[in-house]
Amino acid sequence: MRTLFDHQPVNDSFGDSALYVDFRDERRGLLIDLGDIRALPPRKLLRLSHIFVTHTHMDHFSGFDHWLAVVLARKARVTLHGGPNFIAQVEHKLRAYTWNVVQRYAVALGIEVLEIDTDGLIRRARFMSSTAFRREELEPVAMVQDVIHDEPTFRVRARFVDHEMPCLAFSLEEKAAVRVAPDRLAAMGFTTGAWLRELKHAVLTNAPGDTPIHVEWNDQHGAHAETRSVDELRPLVLDVAPGERVGYVTDLRFTEANVQALVELLAGVDTLYIESVFLEADAAHAKRKNHLTARQAGEIARRVGARSLVPMHHSPRYEGRGDELVAEAVAAWGGRPPDQKV
Ligand SMILES: [Zn+2]
Ligand SMILES: [Zn+2]
């Protein structure tokens, strides 16, 4: 089924953590984790509206400077989400540079930073290039049902897991999606266009049947525009399908409390990206390092009921042996082998 998101790790499984989430048909993207992201072309970095950071170990946050250098003077607004102390950490990054000419840039950059705290409060601050990134405090908001970001088409939920420090696990959730039958569209003489999004939104929000939809489309005869009601267009709708859910889990210890938190956040998730840092043979070492073995990652995927599994964040000590880590995780999960996406 066609989904809202197209998700792809930025690096191979031995590289730094970062998941790029592209919106199909929109010039927009999300990023989960901000490690080494130099593999992303500037046009993809410029599309980012929101960046979600699990924790600020260097392999998850050192890409901040590269990102900032690319978007500065070219992008107007971005929101960064992170865990405890995140606002101060972003501020320290910004304070490390000299900003004596940044006020003159034609496009002013506003960075809104959301700090999710373990007490369920989301603290907020803004840094504008027009004021040399002086910190502005914004009103905090309370987190409700793990939701840290909400839009008409998707939401992002988060839970803390223990990595000898609080670390965020994310669930990216497409809301129910309306599917349109292409043959019915053709039979009515229409082609796709932005108006379809308007219709889908009207159907999902149960808008009244006489709500007007401005149908604008192009075909070989040129551009057309008509106004039709939701009821007139409703026969185009094939069905309303549940949206896709993507889980992103790194870094964490293997504890029962962590497994429980993940079951609550991610039960039945469609795709689970999860760290598989060490082989089970090195479980004692994994424990000392506050990381999972591949077998433990697979066990979490099984208990969560993940439908597809992507093991990631392999230790460099296994370079050339990625297949073994994946095989160990998949065996413990017990489901289909992962898509060979990378
Ligand atoms: Zn870490
Ligand atoms: Zn890490």
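Below is a summary of the structure that appears in this document. (Residues numbered from 1 in each chain as written. Chains lettered and ligands numbered in written order. Predicted model: local features only at pLDDT ≥ 70, side-chain atom pairs only at ≥ 80, totals over all residues. Heavy atoms only, no water.)

Let's talk about the coordination of the zinc ion (ligand 2)
Right, on to step 1. The protein atoms that coordinate the zinc ion (ligand 2) are D59 (OD), H60 (NE2), D251 (OD) and H313 (NE2), at distances spanning 2.2 to 2.4 Å.
Right, on to step 2. Each of the four donor atoms bound to the zinc ion (ligand 2) contributes to angles spanning 84 to 161°, and the resulting shape is irregular.
Right, on to step 3. On the primary sequence, the residues serving as donors to the zinc ion (ligand 2) are separated as D-H-x190-D-x61-H.
Right, on to step 4. Here the zinc ion (ligand 2) and the zinc ion (ligand 1) are spaced 3.6 Å apart, and both take D251 as a donor. (Donors = N, O, S within 2.8 Å, 3.2 Å for Na, K, Ca; no water. Tetrahedral: all angles 85-135°; square planar, octahedral: opposite > 155°, others 65-115°.)

Things to note about the sheet that holds strand β3 (residues 29–32)
Right, on to step 1. On the basis of which strands lie adjacent, the open sheet formed by eight strands has the order β1-β2-β3-β4-β5-β6-β7-β8 and mixed pairing. The sheet is open, and its two borders are formed by β1 (5–9) and β8 (135–142), each paired with just one other strand. The average undirected angle you get between the axes of adjacent strands in this sheet is 20°.
Right, on to step 2. Packed on one face of the sheet, helix α3 (residues 64–71) meets β4 (48–52), β5 (77–82) and β6 (110–116) and runs near 170° to β5. (Pairing = 2+ DSSP bridges. Helix = DSSP H or I, 4+ residues; strand = E, 2+ residues; numbered from the N terminus. Axes fitted to C-alpha atoms, helices over the stretch in contact; angles between N-to-C directions. Contact = heavy atoms within 4.5 Å.)

Thoughts on the coordination of the zinc ion (ligand 1)
Right, on to step 1. Taken together, H55 (NE2), H57 (ND1), H163 (NE2) and D251 (OD) make up the full set of protein donors to the zinc ion (ligand 1), lying 2.2 to 2.3 Å away.
Right, on to step 2. Around the zinc ion (ligand 1) sit four donor atoms; with metal-centred angles ranging over 89 to 167°, the donor geometry is irregular.
Right, on to step 3. When the donor residues of the zinc ion (ligand 1) are listed from N- to C-terminus, their spacing reads H-x1-H-x105-H-x87-D.

Quick notes on the pairing of strand β7 (residues 121–128)
Right, on to step 1. As paired strands, β6 and β7 are joined by seven bridges and run antiparallel to one another. Opposite L114, over in β7, you have R124 as the bridge partner.
Right, on to step 2. Where β7 and β8 come together, six bridges link them in antiparallel fashion. Bridging from a neighbouring strand, A125 pairs with E137 of β8.

Quick notes on unusual backbone geometry
Right, on to step 1. Residue D251 follows T250 across a cis peptide bond; omega there is -5°.
Right, on to step 2. Secondary-structure assignment places D251 in the loop between β16 (245–249) and α8 (256–266).
Right, on to step 3. Here A73, not a glycine, exhibits a phi torsion of approximately 70°, which is positive.
Right, on to step 4. Mapped onto the fold, A73 is located in the loop between α3 and β5.

Considering the side chain of H7
Right, on to step 1. Relative to the helices and strands, H7 resides in strand β1.
Right, on to step 2. Only 2.9 Å separates the side chain of H7 from the side chain of E244, close enough to count as a polar contact. (Polar contact = N/O pair within 3.5 Å; in protein donor to acceptor, adjacent residues only side chain to side chain.)

Side note on the pattern of salt bridges
Right, on to step 1. Summed over the entire model, instances satisfying the criterion amount to 28 salt bridges.
Right, on to step 2. The shortest N-O distance in the salt bridge between E137 and R135 comes to 2.6 Å.
Right, on to step 3. Take E137: its relative accessible area is 55%, and that puts it in the exposed class.
Right, on to step 4. Residue class for R135 comes out partly exposed when judged on its relative accessible area of 30%.
Right, on to step 5. Here D270 ties to R307 by a salt bridge, and the two come within 3.2 Å at their closest N and O atoms. Taken together, the positions of D270 in the loop between α8 and β17 (271–275) and R307 in the loop between α10 (294–304) and β18 (308–312) put the pair 37 residues apart, joining distant regions of the chain.
Right, on to step 6. Overlapping salt bridges bring together D146, R155, R157, R159, E173 and E264 as one network. (Salt bridge = Lys/Arg side-chain N within 4 Å of Asp/Glu carboxyl O. Buried < 20%, exposed > 50% of the residue type's maximum accessible area, 1.4 Å probe, protein only.)

These figures capture arrangement, not role.
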